[in-house]
Amino acid sequence: MTQKHPSNDPVDSGTSATPTRRSFVGGALGAAAALGMVESTPTQAQAPGAPLSETNPRDTAGMPPPGAPPPASLFRLECDVTDCEIEGKLPADLHGIFYRVGPDAQYPMNPHNIPFDGEGHVSMFRFENGRVSFRSRFARNQRYKAQAAAHKILFPMYRNPSTDDPSVQNVSRGTANTHILYWREKLLAFKEDSPPVALNPLTLETVDDYYTFDNQLESKTFTAHPKVDAVTGNMIAFGYEGRGFGSDEVNVFEYTPEGKRVWNTWIKVPYVGMLHDFAVTQKHVVFYVMPLAIDHEQMKRGGIHWSWDGTKPTYFGFMRRGGDGKEIQWVKGPTRSSTHVMGAFDDGHKIVVDVEMSEFNPFPFMPFRDGTKWDPIRGSSRITRLSVDLSHKTPKDYQIETLYANYLGALPRIDDRYLTVPYRFGFLPCQEVGSPTFGGSNCYARFDHQTRSSQVYKAPPGTTLAEACFAPKNKGAPEASGYLMGVATRMKEGGRSDLLVFDAERLGDGPIATVRLPTRVVGQIHGWWVPGEQLPRV
Ligand SMILES: [Fe+2]
């Protein structure tokens, strides 16, 4: 089904639809559902109208009482499935590997902790000659190995080193659980508080538990969202809290495909907040500072790293790519949350950055500094266009335009060959405003920014959908011409998983092939597609 969307005024029109509180819960929980969090809280998933404060007691102090639902479901199963059962017909030209990663509890987690602190569990679907094999392995990061030796959790609280076991003072806290990217014949698994962990892309064996790009990485951290330039193939990335825990300095840098660092600089942020993603265009780098801010007092009480401080503004910070960072401009804006970038480009007069955006804290498990209760309406995200007019030497504000008001969701993706340049199509796991939900995203949408229209696949009842990745038909295929794939969780089958494969130009027709797994698979935050011709030869 294709649907046209009216173009909104170039103002913040985030409340222009007329949704209900009931309709919002699933949209806000999209990312959490993808992690298996919703699976672990079925009451919440099956009763979307329930106030979140009843089912998520972590919303005030980051210190839920003992006995609260576990922060992440314990999966732990590393497995291999060869010749997966397939319904439908796999495209003959689909050749490569779809990688995915998410947090998994290595041992039962501290009940006060949050789902984002499980160890990185990587899985892959390998497509070859019309067959699919599945494999999952933990990233053997430093803390995984230390905990395995101790047979228990040694890092009990998300990004709070003061709670760590004394035996692990010199062990990296990096979980490698957030995102994954293929780089120079290595599979890099990221957690933004530490350097990546490198894995063998064919076996998922960990080959480097502290990867520093041949000692070129100055920052003590590395983002989970590096960008690969569509033109040069360079990787542009950053590390925030880059000088160490709580630091307001951000290291920004760029590597060539040959692995040589060609740009390296440092900037300072207006305040230390979760700098989860960033935007890169051909000419600019953009950071969006939002009020999920570091909370030292909370950490002294044994809580997690962040709390939502609704008194803080946002800052759209832009700087010239390749510059020394001194000219960075921080343009102040209203309190908002934006966690992920869909795409970004320069249009000659403006910097345009498309994001998922909510009015406030999108995570029900992230505490509020002032004790505010989490609200699924204000916490739901829509695809939103941010822009800054470069005709003003020092812009006083940035523009906020909601693009598709009727779709709520997080984890947007594009055809990755269009990172940093003008693009037309975007994909989003989401729910339609007003539709019943099982607690997570039940639709995949394909948005056409040129016509402001959408195509939507709606999953059958009882299914939630994870972030989807795009695989081009071939190297020279037009934008978004190829396949979209994402994991479906069948809630009525104990969370059993299927991988759905779509013709990305005909999402509304439903999957052309379904890779059936015999079991539930580990939850996912992000995934990455690698075409077969780029993989190492064995
Ligand atoms: Fe992310």
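Computed from a predicted structure; not experimentally measured. (Residues numbered from 1 in each chain as written. Predicted model: local features only at pLDDT ≥ 70, side-chain atom pairs only at ≥ 80, totals over all residues. Heavy atoms only, no water.)

Observations regarding the overall build of the protein chain
Right, on to step 1. What the protein chain contains, in helices and strands, is six helices and 34 strands.
Right, on to step 2. With 538 residues in all, the protein chain has 65% of them scored as buried.
Right, on to step 3. Taking all contacts inside the protein chain whose residues are at least 6 apart in sequence as the whole, residues at least 24 apart take part in 63%.
Right, on to step 4. Here the protein chain has roughly 19400 Å² of accessible surface; of this, 49% comes from carbon and sulfur atoms. (Helix = DSSP H or I, 4+ residues; strand = E, 2+ residues; numbered from the N terminus. Buried < 20%, exposed > 50% of the residue type's maximum accessible area, 1.4 Å probe, protein only. Contact = heavy atoms within 4.5 Å. Areas by Shrake-Rupley, 256 points an atom, 1.4 Å probe, with all protein chains shown as cover.)

Focus: the confidence of the model for the protein chain
Right, on to step 1. Looking at the protein chain as a whole, the pLDDT averages 89, with 86% of positions reaching at least 70.
Right, on to step 2. Under a pLDDT of 50 for its full length, residues 7-31 has, in the predicted model, 70 contacts with residues more than four places off or in other chains.
Right, on to step 3. Across residues 33-69, confidence stays below pLDDT 50; counting only partners more than four residues off in sequence or on other chains, it has 90 contacts. (pLDDT = per-residue confidence, 0-100.)

Regarding the state of the cysteines
Simply put, disulfide is the name for a covalent bond between the sulfur atoms of two cysteines.
Right, on to step 1. Across all of its chains, the model carries zero disulfides by this definition.
Right, on to step 2. For C79, which is in no disulfide, the shortest distance to another cysteine sulfur is to C84 and amounts to 9.2 Å.
Right, on to step 3. Unpaired in this structure, C443 has its nearest cysteine sulfur neighbour in C430, at a distance of 5.1 Å. (Disulfide = S-S within 2.5 Å.)

With respect to unusual backbone geometry
Excluding glycine, most residues fall at negative phi; most peptide bonds, likewise, are trans.
Right, on to step 1. A positive phi is found at A176, a non-glycine position, where the angle reads about 55°.
Right, on to step 2. Not every positive phi belongs to a glycine, and E185 is a case in point at roughly 65°.
Right, on to step 3. Following the sequence through the fold, E185 ends up in the loop between β7 (179-183) and β8 (186-190).

Some remarks on the packing of aromatic side chains
Right, on to step 1. A full pass over the atoms with the stated rule returns 29 aromatic pairs.
Right, on to step 2. Ring centres of Y271 and Y315 lie 6.2 Å apart, and the angle between their planes is 70°; on these two criteria the pair is classed as edge-to-face. Here Y271 is found in the loop between β14 (261-268) and β15 (279-280), whereas its partner Y315 is found in strand β19 (residues 314-320), with 44 residues between them in sequence. Each member of the pair, Y271 together with Y315, is buried.
Right, on to step 3. Clustering of aromatic rings is evident, with ring pairs tying together F190, Y211, F213, F222, F253 and Y255.
Right, on to step 4. Its guanidinium or amino end placed over the ring of F360, R378 lies 4.5 Å from that ring's centre, counting from NZ or CZ.
Right, on to step 5. A cation over an aromatic ring shows up here: R446 above the ring of F425, its NZ or CZ 4.2 Å from the ring centre. (Phe/Tyr/Trp six-rings, centres within 6.5 Å; stacked < 30°, edge-to-face > 60°. Lys NZ or Arg CZ within 6 Å of the ring centre and 35° of its normal.)

Section: helix α5 (residues 142-150)
Right, on to step 1. Residues Q142, R143, Y144, A146 and Q147 constitute the buried set of α5.
Right, on to step 2. In the core, the buried residues of α5 are packed alongside β5 (119-128) and β6 (131-138).
Right, on to step 3. The N-capping residue of α5, defined by a side-chain oxygen 3.0 Å from the backbone nitrogen of R143, is N141.
Right, on to step 4. Where α5 ends, the next residue or the one after it, H151, has phi of about 65°, a positive value. (Polar contact = N/O pair within 3.5 Å; in protein donor to acceptor, adjacent residues only side chain to side chain.)

Remarks on the side chain of T265
Right, on to step 1. With respect to the helices and strands, the residue T265 is situated in strand β14.
Right, on to step 2. A relative accessible area of 8% places T265 in the buried class.
Right, on to step 3. Among the polar contacts made by the side chain of T265, one reaches the main-chain carbonyl oxygen of D324 at a distance of 2.6 Å.
Right, on to step 4. In this structure T265 touches V250, N251, V252, M319, G323, D324 and G325, once residues within four positions along its chain are discounted.

Observations regarding the coordination of the iron ion
Right, on to step 1. Taken together, the protein ligands of the iron ion are H225 (NE2), H276 (NE2), H340 (NE2) and H526 (NE2), with distances of 2.0 to 2.1 Å.
Right, on to step 2. Taken together, the four donor atoms coordinating the iron ion and their angles of 94 to 162° define a geometry best described as irregular.
Right, on to step 3. For the iron ion, all donor residues lie on one chain, and their spacing in sequence is H-x50-H-x63-H-x185-H. Note that H340 is positioned in strand β21 (residues 337-346) and H526 in strand β34 (residues 526-531), a separation of 186 residues in sequence. One exposure class covers both H340 and H526, and it is buried. (Donors = N, O, S within 2.8 Å, 3.2 Å for Na, K, Ca; no water. Tetrahedral: all angles 85-135°; square planar, octahedral: opposite > 155°, others 65-115°.)

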